[in-house]
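# Results of the structural survey
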Amino acid sequence: MKPLPRSSRDNADLWGGELEHKVLTVKPGIGSMYQDDALFHKSSGTMLVCDAISAVDGTPPRILTEEKEYTCALIFHARETKDEVVEDTPENRKKGWGRIVLLFNFFFPGSGRGDLELQRIIEALQTPTYKDGWGGWKPFSWGKDEVKDFETFSASGKPIVLPIIQIILSRKPNEM
């Protein structure tokens, strides 16, 4: 395997003339770097971006609903309380999916309330009997704006540049 050249500009035959590409690198701070590849398929006019663009809607992807480990994660995040046992239903899977999307795209979404108190983590680790792990620890509770926040972020499946990528790219735009 060879590293991808920074650009196809000087490597016209790299993709058989069908694609152009550019590697985007941004270093927003010490020890921090973001890279992505943008490819342009000339004949179809299609742009492919590896990590910066995302599109989600209210339905969890099939891979998350077909594997037990993933469905457990969806149900785990659908809980309202630490010890709640949530029934595995399509509605609860969607609820867990929405929370996972918000949590991992915003880290602390507006409707999420973090509970990262050390004592709660210690208590959870001392409760190994909870079937889905972490002693049932629930690091977030969710406010009334949760559904609205997800609908705003997902924009009914419209592609967006991920929020963390927007932040990274805005820090040093001249380095792109």
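Before reading further, recall that the structure is shown in the block above.
Keep in mind that what you see is a predicted model, and the values were worked out from it rather than measured. (Residues numbered from 1 in each chain as written. Predicted model: local features only at pLDDT ≥ 70, side-chain atom pairs only at ≥ 80, totals over all residues. Heavy atoms only, no water.)

To continue, consider the environment of valine 86. Structurally, the position occupied by valine 86 is in the loop between helix H2 (68-77) and helix H3 (90-106). Under the relative-accessibility criterion, valine 86 is labelled buried at 13%. Spatially, the C-alpha atom of valine 86 lies 6.3 Å from that of isoleucine 75, the residues being eleven residues apart in sequence. Leaving out residues up to four positions away in the same chain, valine 86 has contacts with Ile75, Ala78, Arg79 and Asn92. (Helix = DSSP H or I, 4+ residues; strand = E, 2+ residues; numbered from the N terminus. Buried < 20%, exposed > 50% of the residue type's maximum accessible area, 1.4 Å probe, protein only. Contact = heavy atoms within 4.5 Å.)

Bringing the packing of H2 against H3 into the picture now. Two elements in contact, H2 and H3, have axes whose closest approach is 7 Å; the angle formed by their N-to-C orientations is 85°. Classified by the interaxial angle, the pair formed by H2 and H3 is roughly perpendicular. Where H2 approaches H3, its residues Thr71, Ala73, Leu74, Ile75 and His77 are matched on the opposing element by Asn92, Arg93, Gly96, Trp97, Arg99, Ile100 and Leu103. In terms of residue class, the contact of H2 with H3 is built from six nonpolar, four polar and two charged. (Axes fitted to C-alpha atoms, helices over the stretch in contact; angles between N-to-C directions. Parallel < 35°, antiparallel > 145°, perpendicular 65-115°, else oblique. Nonpolar A, V, L, I, M, F, W, Y, C, P; charged D, E, K, R; others polar.)

This part covers the nonpolar core. One finds Val56, Trp97, Val101, Phe150, Phe153 and Ile165 to be the most contacted residues of the largest nonpolar core, which totals 19 residues. For this core, the secondary structure elements donating two or more residues are H3, strand S6 (140-142), helix H5 (146-154) and helix H6 (163-171). The residues touching phenylalanine 150, leaving out its near neighbours within four places in the chain, are Val56, Asp57, Gly58, Trp97, Gly98, Val101 and Leu102. (Core = buried A, V, L, I, M, F, W, Y, C linked by side-chain atoms within 4.5 Å.)

Turning our eyes to something else, we now look at the side chain of serine 7. Position of serine 7 relative to the elements: it lies in the segment before strand S1 (19-29). The exposure class assigned to serine 7 is buried, which follows from its relative accessible area of 18%. Reaching out from serine 7, the side chain makes a polar contact with the backbone nitrogen of arginine 9 at a distance of 3.0 Å. If sequence neighbours within four positions are ignored, serine 7 has contacts with His21 and Lys22. (Polar contact = N/O pair within 3.5 Å; in protein donor to acceptor, adjacent residues only side chain to side chain.)

With that settled, the discussion passes to empty space enclosed by the protein. Applying the stated criterion to the full structure yields two cavities of 30 Å³ or more. Estimates place the volume of the largest cavity at around 70 Å³. Forming the boundary of the largest cavity are Phe76, His77, Arg79, Leu103, Lys138, Pro139, Phe140 and Trp142. At the level of elements, H2 and S6 are the ones that each hand at least two residues to the lining of the largest cavity. (1 Å grid on protein atoms, 1.4 Å probe; cavity = no way out; pocket = protein on both sides within 12 Å on 5 of 7 lines; lining within 4 Å. Points joined across faces, edges and corners; volume = space filled by probe spheres on them.)

Once that is clear, we can look at the pattern of salt bridges. Applying the stated criterion to the full structure yields six salt bridges. Across the pair aspartate 88 and arginine 93 runs a salt bridge whose closest N-O atoms are separated by 2.6 Å. In this structure, arginine 99 and glutamate 146 form a salt bridge, with 2.8 Å as the shortest nitrogen-oxygen distance. With arginine 99 in helix H3 and glutamate 146 in helix H5, this residue pair connects regions lying 47 residues apart in the sequence. With a relative accessible area of 1%, arginine 99 lands in the buried category. Since its relative accessible area comes to 13%, glutamate 146 is described here as buried. It is possible to trace a salt-bridge network through shared partners that takes in Glu80, Lys95, Arg99 and Glu146. (Salt bridge = Lys/Arg side-chain N within 4 Å of Asp/Glu carboxyl O.)

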